[in-house]
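Architecture and fold: a report
Single-letter residue listing:
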Amino acid sequence: MSKEQQAYVITGATSYLGEELAKYYSSEGNKVLLTSRKPISERSRKASECLEKLRNDNVIYLSDIDLIVESSLDQLRDEIKRFIPNKFHVINCVGYFPDYKMIEDMSIIEAKKVFDSNVLSLYNVAHKLIPLMCERGGGHFIGFSAHTAYQHYPKMSAFTAAKIAVESLIQGISNEYLENGVIANTIALATLDTEEERRIKPKGDSSSWLKTDEVCTIVDNLIRSSSNLINGSIIHAYKYSKTYFGQSYFDRIKK
Ligand SMILES: NC(=O)c1ccc[n+]([C@@H]2O[C@H](COP(=O)([O-])OP(=O)(O)OC[C@H]3O[C@@H](n4cnc5c(N)ncnc54)[C@H](OP(=O)(O)O)[C@@H]3O)[C@@H](O)[C@H]2O)c1
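Below you will find a few notes about this structure. (Residues numbered from 1 in each chain as written. Predicted model: local features only at pLDDT ≥ 70, side-chain atom pairs only at ≥ 80, totals over all residues.)

This part covers the environment of L17. For L17, the location among the structural elements is in helix α1 (residues 16-25). A C-alpha to C-alpha distance of 9.4 Å links L17 and V94, two positions 77 residues apart in sequence. (Helix = DSSP H or I, 4+ residues; strand = E, 2+ residues; numbered from the N terminus.)

Quick look at the structure:
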């Protein structure tokens, strides 16, 4: 039996995960609105090219949306109003990881970027889009946090704090808007198996890393569930890893 067609807004679509979700949902006649910032790295330029190819009558891609900038957020909301007539789901893949650094070694400017990209972007999307979601009868709102929010790994302090704020914001949404049909959950990810993670953790145990398509399945199961009882939850996504349970953290992140 084919799946029911739905509408999805995927922010941060040039992220590894966003690109995978874009491909996953851009089939089967779903309405999909993808957003990214101006490509600033070679990797996001390539991802952007891939998203361009997904465009069709049911898939639109806005490539100049900085979620820290209010005019971009207004443009996003207006495009959704124009393109999606009914209920829609928001999957926010935006984030920024500044590599492993002690607090003294990470500049204030970079720490601000960590909070802007991970937390403020999410707040802004919620602020601009949740009223429209409520008008349309609700929908799922999904954000991504990280395993470090439970371990408080050294050399990741700003990122960890930002991801705890993400979880808190999502829980706030779930408490404030359930009566309007909005269901908000966080998926707390262990390492994703991406080129970038292999670059920054060359000695990591990549056999236990999450594939981006596995995360798509988790997202989809959540959105398609007929129950609204999973709301305000933090869903932990990780696999068994011999090194995680048997080797020190510092050995695992050694270059
Ligand atoms: N990778 C992992 O192992 C891992 C682990 C735990 C949690 N997560 C979380 O899972 C999500 C996806 O991870 P990923 O590795 O696939 O992400 P990624 O490749 O690092 O991409 C991050 C995305 O955020 C976008 N972005 C940053 N600031 C933005 C802003 N102000 N406005 C609009 N877009 C902005 C970037 O756009 P540009 O391309 O334009 O810069 C990029 O598309 C993120 O929230 C990440 O923190 C990832």
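From this point, things continue past the structure.
With that settled, consider the sheet that holds strand β4 (residues 89-92). Read across the sheet, 7 strands follow the order β3-β2-β1-β4-β5-β6-β7 without closing on themselves; strand pairing throughout is parallel. Looking at the sheet topology across the chains shown, the edges are occupied by β3 (59-62) and β7 (234-237). Averaged over all pairs of adjacent strands, the angle between their axes in this sheet comes to 20°, without regard to strand direction. Pairing of strand β2 (residues 31-35) with β3, which is carried by 4 bridges, proceeds in the parallel orientation. Opposite T35, over in β3, you have L62 as the bridge partner. On top of the sheet, α1 reaches β1 (7-11), β2 and β4; it is set at about 165° to β1, its chief contact. On the sheet, helix α4 (residues 108-135) packs against β1, β4, β5 (139-146) and β6 (182-189) and is oriented at approximately 175° with respect to β4. (Pairing = 2+ DSSP bridges. Axes fitted to C-alpha atoms, helices over the stretch in contact; angles between N-to-C directions. Contact = placed C-beta atoms within 7 Å.)

Our next topic: the nonpolar core. With 60 residues, the main nonpolar core has I10 and L21 as its most contacted residues. The element best represented in this core is α4, accounting for 8 residues. (Core = buried A, V, L, I, M, F, W, Y, C linked by C-beta atoms within 7 Å. Buried ≥ 20, exposed ≤ 12 C-beta atoms within 10 Å, placed from the backbone.)

Geometrically, a packed helix pair is captured by the angle between its two axes and the distance between the axes. Following both chains from N to C, one finds helix α3 (residues 70-83) and α4 inclined at 30°, their axes separated by 10 Å at the closest point. As the angle between them shows, α3 and α4 are arranged roughly parallel. Crossing of α3 against α4: the hand is right-handed. Taken together, the residues of α4 that come into contact with α3 (itself represented by L73, L76, R77, I80 and K81) are N124, K128, L129 and L132. Of the residues belonging to the contact of α3 with α4, the class tally is 5 nonpolar, 1 polar and 3 charged. (Parallel < 35°, antiparallel > 145°, perpendicular 65-115°, else oblique. Left-handed = near helix turned anticlockwise from the far one by under 90°. Nonpolar A, V, L, I, M, F, W, Y, C, P; charged D, E, K, R; others polar.)

Its 28 residues place the ends of α4 39 Å apart at the C-alpha level, agreeing with the 40 Å of an ideal helix rising 1.5 Å per residue. Along its length, α4 shows its largest kink, about 40°, at L129, and proline P131 lies within four residues downstream of that point. Burial in α4 covers these residues: V114, S117, N118, V119, S121, L122, N124, V125, A126, L129, I130 and M133. Those residues of α4 that are buried lie in contact with β1, α3, β4, β5, α6 (157-177) and β6. Directly after α4, the chain includes G137, whose backbone phi takes a positive value near 95°. (Expected span 1.5 Å × (residues − 1). Bend = angle between axes of the 7 residues up to and from the residue.)

What follows covers the packing of α1 against helix α8 (residues 212-224). For the pair α1 and α8, interaxial distance at closest approach is 9 Å and the crossing angle is 60°. Comparing the axis directions of α1 and α8 gives the class oblique. For α1 against α8, the interelement crossing comes out right-handed. Of the residues in α8, those in contact with Y16, L17, E20, L21 and Y24 of α1 are T212, D213, V215, C216 and V219. Of the residues assigned to the contact of α1 with α8, the class counts are 7 nonpolar, 1 polar and 2 charged.

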